[in-house]
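Descriptive structure summary
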Amino acid sequence: MEPEPLEPLPEDWARALCVVAHPDDMEFGAAAAVARWTGQGKDVTYCMVTSGEAGIDGMEPDECRRVREAEQVASAAEVGVPVVEFLGLADGVLEYGVPLRAAIAHVVRRHRPDVVITGNFRDTWGGNNLNQADHVATGRAVVDAVRDAGNRWVFHDQLTDGLEPWGGVKAVWAFGSPLAGHAVDTTETFEAGVRSLEAHRAYIDGLGWEDFDAREFLEGFGRQTGQRLGVAMAAAFEVFPMGWGE
Ligand SMILES: [Zn+2]
């Protein structure tokens with residue numbers, strides 16, 4: 001059976017905000033796409049809800065937080081992203097709810113993006129490969145927070161010092177989703193995506209995956225997705241339109 005074709009993502013936007021649960025989340029699915037967009041002169045900012053401090057079994061959280069924040073900043077620089085914000089919520093135990101929505105709505109109001117990017121927040125990656133709880137909580141909160149950010153009377157206490165509601169987000173895009181219907185050509189920026197993942201050296205070593213090869217890993221997904229878009233390499237996204245009646 002032929003794989004389902006994917007639609008190209010629109011690129012008529014100027015500013016994206018990427019909100020994910022952990023350092024390394026962007027690099028396992030979206031970094032090469034980000035490199036393409038920053039190369040086009042678009043403005044992309046990263047926001048990490050946690051610092052991934054519970055991610056390395058053999059490293060205490062305080063040390064791990066420092067290591068992983070530094071790796072994420074270096075990783076972002078590889079794909080042209082100058083700013084990484086860390087919200088500092090607790091890794092591994094994120095809960096979907098009003099406090100998480102409020103924290104993310106505040107970031108959306110400050111950055112005023114056209115597009116918000118997050119990771120897959122479906123229950124699985126496809127089949128029975130379960131997603132992780134922080135990813136599900138974050139993605140669900142992101143779509144709601146984007147709406148909250150536009151409503152003056154939701155989290156109204158945030159609107160001080162000139163901060164205004166922001167209802168300009170056209171869509172939320174989730175990479176890694178098994179229900180992705182769109183993709184972007186990453187053929188030219190694939191290597192930047194590899195370097196961006198390789199920047200998470202301590203994390204990858206800490207996982208204890210024998211012989212993990214960032215290039216090989218990303219190439220498998222990139223080629224499969226590329227085939228569905230009619231290019232050599234691509235990254236897939238599930239699109240959630242955020243305007244009404246669009
Ligand atoms: Zn993660």
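The sections below set out a description of the structure shown in this document.

**Concerning the overall build of the protein chain**
Tallying secondary structure elements over the protein chain gives seven helices and eight strands in all. In terms of overall size, the protein chain behaves like a compact globule, its C-alpha atoms giving a radius of gyration of 17 Å where 246 residues would be expected to give roughly 18 Å. Taking the principal axes of the C-alpha coordinates as reference, the protein chain spans close to 50 × 45 × 35 Å. Here the protein chain, with 246 residues, has 50% of them falling under the buried criterion.

**Quick look at the coordination of the zinc ion**
Looking at the zinc ion, one finds its protein donor set to be His 22 (ND1), Asp 25 (OD) and His 135 (NE2), positioned 2.0 to 2.1 Å from the metal centre. When the donors of the zinc ion are listed by position in the chain, the intervening gaps give H-x2-D-x109-H. Note on His 22: relative accessible area 8%, which makes it buried. You can call Asp 25 buried: its relative accessible area is 10%.

**Description of helix 3 (residues 98-111)**
Between its terminal C-alpha atoms helix 3 stretches 20 Å, which fits the 20 Å expected from 14 residues at 1.5 Å a residue. Buried within helix 3 we find Leu 100, Ala 102, Ile 104, Ala 105, Val 107, Val 108, Arg 109 and His 111. On its buried face, helix 3 is in contact with strand 2 (15-20), strand 3 (43-50), strand 4 (84-89) and helix 4 (133-150).

**Overview of the side chain of Ser 196**
Along the chain, Ser 196 falls in helix 5 (residues 190-198). Those residues in contact with Ser 196 that lie beyond four places of it in its chain are Glu 27, Ala 31, Ser 75, Glu 78 and Val 79.

**Regarding the pattern of salt bridges**
By the definition in use, this model includes 13 salt bridges. The partner of Glu 78 in a salt bridge is Arg 195, with the nearest N and O atoms 3.2 Å apart. Within this pair, whereas Glu 78 is found in helix 2 (residues 61-78), its partner Arg 195 is found in helix 5, the two being separated by 117 residues in sequence. Overall, Arg 195 belongs to the partly exposed group, its relative accessible area being 41%.

**With respect to a negative patch on the surface**
On the surface, a cluster of negative charge is made up of Glu 198, Glu 210, Asp 211, Asp 213 and Glu 216. If you trace the backbone, Asp 213 turns up in the loop between helix 6 (201-207) and helix 7 (214-229).

**Concerning the packing of helix 1 (residues 31-39) against helix 5**
Relative to each other, helix 1 and helix 5 sit at 125°, their axes nearing to 7 Å. Put simply, helix 1 runs oblique to helix 5. The interaxial crossing formed by helix 1 with helix 5 has right-handed handedness. Of helix 5, the residues touching helix 1 (which contributes Ala 31, Ala 32 and Ala 35) are Phe 190, Ala 192, Gly 193 and Ser 196.

Cut-off values and rules
Residues numbered from 1 in each chain as written. Predicted model: local features only at pLDDT ≥ 70, side-chain atom pairs only at ≥ 80, totals over all residues. Heavy atoms only, no water. Helix = DSSP H or I, 4+ residues; strand = E, 2+ residues; numbered from the N terminus. Rg over C-alpha atoms; globule rule 2.2 N^0.38 Å. Buried < 20%, exposed > 50% of the residue type's maximum accessible area, 1.4 Å probe, protein only. Donors = N, O, S within 2.8 Å, 3.2 Å for Na, K, Ca; no water. Expected span 1.5 Å × (residues − 1). Contact = heavy atoms within 4.5 Å. Salt bridge = Lys/Arg side-chain N within 4 Å of Asp/Glu carboxyl O. Patch = residues over 30% accessible without salt bridge, like charges linked within 9 Å, V, L, I, M, F, W, Y side chains within 5 Å. Areas by Shrake-Rupley, 256 points an atom, 1.4 Å probe, with all protein chains shown as cover. Lys, Arg positive; Asp, Glu negative; His and termini not counted. Charge placed at Lys NZ, Arg CZ, Asp CG, Glu CD. Axes fitted to C-alpha atoms, helices over the stretch in contact; angles between N-to-C directions. Parallel < 35°, antiparallel > 145°, perpendicular 65-115°, else oblique. Left-handed = near helix turned anticlockwise from the far one by under 90°.

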